[in-house]
Amino acid sequence: MVMFKPVAATSFQDLVYDQLSDALMTGAFWPGEALNINDLAAQFGTSIMPVRDAVRRLAAERALLVEPQKGVRVWRPTKSEFAEITHVRTLLEGDVTAAAVAHLTDKHIRDVARAIDEMNEHEVFRSERFLVLNKQIFFTLYEAAQRPATLPIIQSLWRQIGPIVRLYSLVEAFPPTVETSLAFVEALRRRDAETAREIRIKQILRPSEILISRFDEIMEYRNDSPRQLAHVKPIASELLDGKTRRPGRPRSAR
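Quick caveat: nothing in here was measured; it's all calculated off a predicted structure. (Residues numbered from 1 in each chain as written. Predicted model: local features only at pLDDT ≥ 70, side-chain atom pairs only at ≥ 80, totals over all residues. Heavy atoms only, no water.)

The next subject is the overall build of the protein. On a plain count of helices and strands, the protein comes out with 13 helices and five strands. Every one of the 254 residues in the protein was classed for burial, and the buried ones make up 45%. In the protein, of all internal contacts separated by at least 6 residues, the share reaching a separation of at least 24 is 80%. A total accessible area of about 13,600 Å² is found for the protein, and carbon and sulfur atoms account for 54% of it. (Helix = DSSP H or I, 4+ residues; strand = E, 2+ residues; numbered from the N terminus. Buried < 20%, exposed > 50% of the residue type's maximum accessible area, 1.4 Å probe, protein only. Contact = heavy atoms within 4.5 Å. Areas by Shrake-Rupley, 256 points an atom, 1.4 Å probe, with all protein chains shown as cover.)

Here it is as structure tokens:
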């Protein structure tokens, strides 16, 4: 009889990786910010091993930087690297947005419209909630596009630039224009793929061009005040929610 080991539906390493990825994509960290593995492990409620594994994976994607004798830092691109990522994003995200249009349900569009309305509130623009909504909106579209080879590339790019895009609210006085937002939702409702593509590209370029124009000044901004990451949840809570379970002891297949 073949012996199998029960496996967790999602491993501790994957749970930590997913939460750190989400934190990077939604601007929970500053560019160049130092991360303490022991502190993160304490917040996750795990040993340091799952955190080290997640850090290793994110470093391979250039979202984090592991320096000998210095520790772990959030990756901080140069101006030319940020400009290159912006260019690639316009190509990929414009294409995936257009592809998504044919697959969107009315619920998808209602969810996007609702989130955009909240994003355009001034107090939300100045909060961490802004980038959380931003990710929610566009990955609703990207996941609907049915582009499994392209989606991980876009996610990787977002992990790299999320900390910088967070700085957009420091130099922009107002949230994205309501007119552009309304036009985007209307293009989705009309199932107008080409217009949705064009507007999505503009949505990427506007903040990126502002950030590039003041890149050196913006990248000097620092905020090293201690804080609890809202994105980080103790792994124990995931287990209690039934999303995963600890690996058990081997047992015979019946």
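Within the secondary structure, Thr86 is located in helix 4 (residues 79-101). With a relative accessible area of 6%, Thr86 lands in the buried category. With near-sequence residues (within four places) excluded, Thr86 lies in contact with Ile204, Leu205 and Ser208.

In this section: helix 11 (residues 193-213). Compared with the 30 Å implied by 1.5 Å per residue over 21 residues, the 30 Å span of helix 11 between its first and last C-alpha is a close match. All of the buried residues in helix 11 are Ala196, Ile199, Arg200, Gln203, Ile204, Pro207, Ser208 and Leu211. (Expected span 1.5 Å × (residues − 1).)

Reading across the sheet, the three strands line up as 2-4-3 and stay open at both edges, with antiparallel pairing between neighbours. In this open sheet, the two strands that pair with only one neighbour each are strand 2 (34-35) and strand 3 (64-67). Pairing geometry for strand 2 and strand 4 (residues 71-74), over two bridges, is antiparallel. Following the sheet pairing, Ala34 is matched in strand 4 by Arg73. (Pairing = 2+ DSSP bridges.)

The subject of this paragraph is unusual backbone geometry. Phi at Gln69 is positive, roughly 70 degrees, even though this residue is not glycine. Note that Gln69 resides in the loop between strand 3 and strand 4. A relative accessible area of 84% places Gln69 in the exposed class. Positive phi, normally seen in glycine, also occurs at Arg191, with a value near 60 degrees. On the secondary structure map, Arg191 appears in the loop between helix 10 (178-189) and helix 11. For Arg191, a relative accessible area of 34% corresponds to the partly exposed category.

Our next topic: the confidence of the model for the protein. Mean pLDDT for the protein: 82, with 80% of residues reaching 70 or above. Per-element averaging of pLDDT across the protein places strand 5 (residues 251-252) at the bottom with 35 and helix 4 at the top with 97. Across residues 224-231, where pLDDT falls below 50, the model places 18 contacts with residues more than four positions away in sequence or in other chains. Scored below 50 in pLDDT, residues 236-254 makes 34 contacts in the model with residues more than four places away or belonging to other chains. (pLDDT = per-residue confidence, 0-100.)

One pass over the full model with this rule turns up five aromatic pairs. Ring centres of Phe82 and Phe215 lie 6.1 Å apart, and the angle between their planes is 35 degrees; on these two criteria the pair is classed as tilted. With Phe82 in helix 4 and Phe215 in helix 12 (residues 215-218), the pair connects residues that are 133 residues apart, well separated along the chain. Under the relative-accessibility criterion, Phe82 is labelled buried at 2%. The buried category is assigned to Phe215, whose relative accessible area is 5%. Plain terms: the ring middles of Phe139 and Tyr142 are 5.3 Å apart, the flat faces sit at 80 degrees to each other, and that makes the pair edge-to-face. Of this pair, Phe139 and Tyr142 both sit in helix 7 (residues 129-144), three residues apart, roughly one helical turn. Take Phe139 and Tyr142: they sit in the same class, and that class is buried. Through successive ring pairs, a cluster of aromatic residues spans Phe138, Phe139, Tyr142, Trp158 and Phe184. Lying over the aromatic face of Phe138, Arg200 brings its terminal NZ or CZ to 3.5 Å of the ring centre. (Phe/Tyr/Trp six-rings, centres within 6.5 Å; stacked < 30°, edge-to-face > 60°. Lys NZ or Arg CZ within 6 Å of the ring centre and 35° of its normal.)

So, on to the nonpolar core. Looking at soluble globular proteins, one finds that nonpolar side chains tend to be buried together. Ranked by internal contacts, the top residues of the largest apolar core, which has 48 residues, are Ile137, Phe138, Phe139, Leu141, Tyr142, Phe184 and Leu188. In terms of residue count, helix 7 provides more of this core than any other element does, nine residues in total. Grouped together as the second largest cluster of nonpolar side chains are 20 residues, Leu20, Leu35, Val55 and Val72 included. (Core = buried A, V, L, I, M, F, W, Y, C linked by side-chain atoms within 4.5 Å.)

Another aspect to go through is the packing of helix 1 (residues 12-25) against helix 8 (residues 151-165). Relative to each other, helix 1 and helix 8 sit at 55 degrees, their axes nearing to 6 Å. As the angle between them shows, helix 1 and helix 8 are arranged oblique. Here Tyr17, Ser21, Leu24 and Met25 of helix 1 come into contact with helix 8, specifically with Gln155, Trp158, Arg159, Gly162 and Pro163. Partitioned by chemical class, the residues of the contact of helix 1 with helix 8 number five nonpolar, three polar and one charged. (Axes fitted to C-alpha atoms, helices over the stretch in contact; angles between N-to-C directions. Parallel < 35°, antiparallel > 145°, perpendicular 65-115°, else oblique. Nonpolar A, V, L, I, M, F, W, Y, C, P; charged D, E, K, R; others polar.)

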